[in-house]
Amino acid sequence: MHLSATLNINPWPRPTPEAHRPQSDYAERFWLPVIGPSSLWLLRWVQRELEDRRREGQYVPFTVGSDELALRIGLGAGTARQSPLRRSLMRLETFELGRRLDESVVEFRTTMPSVSTRQLERMPVELRREHRAWCAASSGLGLGLVLAPVVGGQRRPWRLEGGGTAHVIGASRSGSLSSLPRCGSA
């Protein structure tokens, strides 16, 4: 499908049981390897613009030039078949985070679901462990105390979307988190 020089951006509020904002740490940690940086930046930019235009609790659609949108998120201008903007949009469509209704109307999800089991299985083992720890911490299991990621040789507390943190305890000697629940089996 051809992409118009001007895009009408609409929210696609699709309810999900475990919703994550595109700006969240969850999106960056677990969706980034799935959709790639350009698609994540596109989704984040659109979400921020929708939030800025929100009136009386409702998202307000807006219009933006395709070239302007591409340049704002660091992609080259152009809407040709293999342009970075078009590829990013197609990637969001593939994972049902965005959809083109026609050549000038695009809807973007306002929240992201947890990654699916299939997407999780394609991630590196350590990232899968981090995902399980994230899910356990955000669900309140284990009193919010789980294996946190290693950054710079030290374990760091997770920043949870609700504003809390989770700290280190209770992993087996092998670091296995197989006993922790798995979320995101959508």
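For the structure itself, look to the data block above.
An account of the accompanying structure is given in this report. Predicted, not measured: the structure shown is a model, and the values here were computed from it.

## Overview of the environment of Glu 103
Here Glu 103 shows up in the loop between β3 (98-100) and β4 (105-109). Glu 103 sits in the partly exposed class, given a relative accessible area of 39%. Residues Glu 103 and Thr 6 lie 97 residues apart in sequence; the distance between their C-alpha atoms is 9.1 Å.

## Concerning the packing of aromatic side chains
Tallied over the full model, the rule gives five aromatic pairs. Taken together, a centroid distance of 6.4 Å and an interplanar angle of 75 degrees make the contact between Trp 31 and Phe 95 edge-to-face. With Trp 31 in helix α1 (residues 25-35) and Phe 95 in the loop between α4 (84-94) and β3, this pair connects stretches of sequence that are 64 residues apart. On the basis of relative accessibility, which here comes to 2%, the residue Trp 31 falls in the buried class. Overall, Phe 95 belongs to the partly exposed group, its relative accessible area being 23%. Here a set of aromatic residues connected by ring pairs shows up, and it is made of Tyr 26, Phe 30 and Trp 134. We note Arg 53 situated over the ring of Phe 62; from NZ or CZ to the ring centre the distance is 4.3 Å. Taking NZ or CZ as reference, Arg 109 lies 6.0 Å from the ring centre of Trp 12, over its face.

## Comments concerning the sheet that holds strand β2 (residues 62-65)
Taken in spatial order, the four strands make up an open sheet running β2-β1-β4-β3, and their pairing is mixed. Two strands bound the open sheet, and with one partner strand each, they are β2 and β3. Neighbour to neighbour, the strand axes of the sheet diverge by 30 degrees on average, direction disregarded. α4 rests against β3 and β4 of the sheet, and its axis sits at about 115 degrees to β3.

## Some thoughts on α4
The complete set of buried residues in α4 reads Leu 85, Arg 86, Ser 88, Leu 89 and Leu 92. End-on, the buried residues of α4 take up no more than an arc of 160 degrees, which puts them together on one face. Where α4 is buried, its residues touch α1, α2 (37-52), α3 (66-72), β3 and β4. Glu 96 occupies a position one or two residues after α4 and carries a positive phi of about 55 degrees.

Definitions and limits used
- Residues numbered from 1 in each chain as written.
- Predicted model: local features only at pLDDT ≥ 70, side-chain atom pairs only at ≥ 80, totals over all residues.
- Heavy atoms only, no water.
- Helix = DSSP H or I, 4+ residues; strand = E, 2+ residues; numbered from the N terminus.
- Buried < 20%, exposed > 50% of the residue type's maximum accessible area, 1.4 Å probe, protein only.
- Phe/Tyr/Trp six-rings, centres within 6.5 Å; stacked < 30°, edge-to-face > 60°.
- Lys NZ or Arg CZ within 6 Å of the ring centre and 35° of its normal.
- Pairing = 2+ DSSP bridges.
- Axes fitted to C-alpha atoms, helices over the stretch in contact; angles between N-to-C directions.
- Contact = heavy atoms within 4.5 Å.
- Arc of directions from axis to C-beta.

Everything listed here is a matter of coordinates, which is why it stays silent on function.
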